Amino acid sequence: MAEEAPSTDIITLTRHILSDQIRLGPAATGDLTLLLTAIQTTSKFIATNVRKARLINLIGLAGELNVQGEEQKKLDVLSNDIMVNSLRASRKTSVLVSEELDDAIIIDDTHRGKYCVVFDPLDGSSNIDAGVNIGTIFGVYKAHSETGDVSDVLRPGREMVAAGYTMYGSSCNLVLSTGGGVNGYTLDAALGEFILTHPDIKIPPRGKIYSFNEGNSTYFHPPVINYLNSIKYPSAGKSPYSARYIGSMVADVHRTLLYGGIFGYPDDKKSKSGKLRLLYEAFPMAFLTEQAGGLATTGRGRILDVEPKSIHERCPVFLGSRDDVNDLLKFFQEK
Ligand code: P6P
């Protein structure tokens, strides 16, 4: 079988973002393009180091605890540092919030730009040593204040202008939305470019997969218990759903976007607000899910409408296919 001729019209992430900027017309100054290019560079850097981790012994603990009280692994620290440095150097940001840092970073005057970025530099990092897919999650707000203030990121996720993640695994996939739908790109390491491989991702209206950590079932509240029972022990003539849970949000959400179904990390008797962080896990993933045609809820309201009170607060997350999330919500509406 003749080898397929290489495409001579590859759409790189940079080219795609630029075409997006042109679509937005003269109002688009190119600042968001340059910011996303900086984020793209950090993803390439992190991908390289995740891939090399075993070889250059980056596996293992950095010996410090982060704001979450979790042992920091060396790749966490490296990923956080490359993102902070690259975003500052882009001169397009004014406030940064990282899962790895106690406080927000207010960018100094000489480097300040008009965007705020909230991010988890290496989410799912507890899975690093096991070789499970992990990822970077980010969300972008346009700054309101001139001088850079944490209030610029204590805003509902619906005010984000962009959100995305990069998943590091057998391949490196960057999934991004700037508000006009969702596109997926795969890193061609030889070229050093993210290539458009998943244009206009749309989540199926209904799936056959549920993704919850059922090890927490004993703590679940009745609406979640009753919903899960309805898909595990369905009425006659219906097939039960399949369980898929990786324990790495980027991997579980990526599968949900592509295959459909529902991902959930509920609040429960043990974790009163759930485990996932509102600003840099729930908001970006909810933004992407809605842009792909799905729904994202806390069980009591739209995730993107939540008003953050602090930069590291948690919230319950249920997201995925429209019909599956609506089925879940029926159990929350039951008296
Ligand atoms: P659990 C990883 O630590 C993470 O923050 C998310 O990536 C993931 O969805 C969740 O926690 C897994 O939590 O309690 O099921 O191990």
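About the criteria used
Residues numbered from 1 in each chain as written. Predicted model: local features only at pLDDT ≥ 70, side-chain atom pairs only at ≥ 80, totals over all residues. Heavy atoms only, no water. UniProt positions renumbered as here; feature names shortened; annotations may be inferred. Helix = DSSP H or I, 4+ residues; strand = E, 2+ residues; numbered from the N terminus. Rg over C-alpha atoms; globule rule 2.2 N^0.38 Å. Buried < 20%, exposed > 50% of the residue type's maximum accessible area, 1.4 Å probe, protein only. Contact = heavy atoms within 4.5 Å. Areas by Shrake-Rupley, 256 points an atom, 1.4 Å probe, with all protein chains shown as cover. Salt bridge = Lys/Arg side-chain N within 4 Å of Asp/Glu carboxyl O. Axes fitted to C-alpha atoms, helices over the stretch in contact; angles between N-to-C directions. Parallel < 35°, antiparallel > 145°, perpendicular 65-115°, else oblique. Left-handed = near helix turned anticlockwise from the far one by under 90°. Nonpolar A, V, L, I, M, F, W, Y, C, P; charged D, E, K, R; others polar. Polar contact = N/O pair within 3.5 Å; in protein donor to acceptor, adjacent residues only side chain to side chain. Near = heavy atom within 4 Å. Expected span 1.5 Å × (residues − 1). Pairing = 2+ DSSP bridges.

- Looking at an unreviewed UniProt entry, one finds the chain named Fructose-1,6-bisphosphatase and attributed to Sanghuangporus baumii.
- Per UniProt, the chain has the following entry under Pathway (unreviewed entry): "Carbohydrate biosynthesis."
- Regarding the chain, the UniProt comment filed under Cofactor (unreviewed entry) reads as follows: "Mg(2+)".

Considering the overall build of the chain
Thought 1: Of the regular secondary structure elements, the chain holds seven helices and 15 strands.
Thought 2: At 20 Å, the chain has a C-alpha radius of gyration in line with the 20 Å of a compact globule built from 335 residues.
Thought 3: Projected onto its principal axes, the C-alpha coordinates of the chain cover approximately 60 × 60 × 45 Å.
Thought 4: Relative to its 335 residues, the chain shows a buried fraction of 52%.
Thought 5: Summarising the internal contacts of the chain: among those between residues at least 6 apart in sequence, 62% fall at separations of at least 24.
Thought 6: Within the structure as shown, the chain displays about 14,900 Å² of accessible surface, and the carbon and sulfur contribution to it stands at 53%.

Here we look at the pattern of salt bridges
Thought 1: Taken as a whole and judged by the stated rule, the model has 17 salt bridges.
Thought 2: Asp 108 serves as the salt-bridge partner of Arg 88, at 3.8 Å between the closest nitrogen and oxygen. In this pair, Arg 88 is assigned in helix H3 (residues 74-89) and Asp 108 in the loop between strand S4 (105-106) and strand S5 (112-123), connecting sequence segments 20 residues apart.
Thought 3: Take Asp 108: its relative accessible area is 32%, and that puts it in the partly exposed class.
Thought 4: Put simply, Asp 267 and Arg 300 hold a salt bridge, and the shortest N to O gap is 3.1 Å.

Comments concerning the packing of helix H5 (residues 249-259) against helix H6 (residues 278-291)
Helices that pack against each other are described as a pair by the angle of their axes relative to one another and the distance between those axes.
Thought 1: In the contact formed by H5 and H6, the axes pass within 11 Å of each other and the chain directions differ by 15°. The angle between H5 and H6 places the two elements in the roughly parallel class. Note that H5 runs across H6; the crossing there is right-handed. Residue-level inspection shows Met 249, Val 250, Val 253 and Leu 257 of H5 in contact with H6, the latter providing Glu 281, Met 285, Leu 288 and Thr 289.
Thought 2: Here the residues of the contact of H5 with H6 sort into six nonpolar, one polar and one charged.

Observations concerning the side chain of Ser 125
Thought 1: Tracing the backbone shows Ser 125 in the loop between S5 and strand S6 (134-142).
Thought 2: A distance of 3.1 Å separates the side chain of Ser 125 from the side chain of Asp 76, its partner in a polar contact.

Looking at the site of the ligand
Thought 1: As a structural note, the neighbourhood of the ligand is formed by Asp 123, Gly 124, Asn 213, Tyr 245, Gly 247, Ser 248, Met 249, Tyr 265, Lys 275, Leu 276 and Glu 281.
Thought 2: Interatomic distance of 2.8 Å between a backbone N/O atom of Met 249 and an oxygen atom of the ligand.
Thought 3: For the ligand, the accessible surface in isolation is 400 Å², of which the surrounding protein chains cover 80%.
Thought 4: Grouping the amino acids of the shell around the ligand by side-chain chemistry returns four nonpolar, four polar and three charged.

Observations regarding H3
Thought 1: Taking 1.5 Å as the rise per residue, H3 with 16 residues should run 22 Å; its terminal C-alpha atoms sit 23 Å apart, in good agreement.
Thought 2: Note on H3: the residue one or two positions beyond its end, Arg 91, has a positive phi of about 60°.

Comments concerning the sheet that holds strand S7 (residues 160-168)
Thought 1: Pairing within the open sheet is mixed, and its eight strands lie in the order S4-S3-S5-S6-S7-S8-S9-S10. Edge positions in the sheet fall to S4 and strand S10 (193-198), since each has one partner strand and no second.
Thought 2: Pairing analysis gives four bridges linking strand S8 (residues 172-177) to strand S9 (residues 183-188), with the strands arranged antiparallel. Its bridge partner being in S9, Leu 174 is matched across the sheet by Tyr 185.
Thought 3: Here helix H2 (residues 31-52) sits on the sheet and contacts strand S3 (93-98), S5, S6, S7, S8, S9 and S10; the angle it forms with S5, its principal contact strand, is near 25°.

Focus on the sheet that holds strand S15 (residues 317-320)
Thought 1: Pairing within the open sheet is mixed, and its five strands lie in the order S12-S11-S13-S15-S14. Whereas interior strands pair on both sides, the edge strands pair on one side only; in this sheet they are strand S12 (242-243) and strand S14 (295-297).
Thought 2: Taken together, the three bridges between S14 and S15 define a ladder with antiparallel strand orientation. Its bridge partner lying in S15, Leu 295 is registered against Gly 320.
Thought 3: With respect to the sheet, H6 is in contact with S14 and S15, its orientation differing from that of S15 by roughly 25°.

Looking at the environment of Glu 290
Thought 1: Here Glu 290 lies in helix H6.
Thought 2: Judged by its relative accessible area of 23%, Glu 290 is partly exposed.
Thought 3: Note: C-alpha distance between Glu 290 and Asn 183 (107 residues apart in sequence) is 13 Å.
Thought 4: The residues contacting Glu 290, other than those within four sequence positions of it, are Ala 296, Arg 302 and Leu 304.

Overview of the environment of Ala 286
Thought 1: If you trace the backbone, Ala 286 turns up in helix H6.
Thought 2: In the structure, Ala 286 is positioned 24 residues away from Ser 310 in sequence and 18 Å away in space, judged by C-alpha atoms.
Thought 3: Ignoring any residue separated from it by four or fewer positions in sequence, one finds Ala 286 in contact with Ala 296, Ile 303 and Leu 304.

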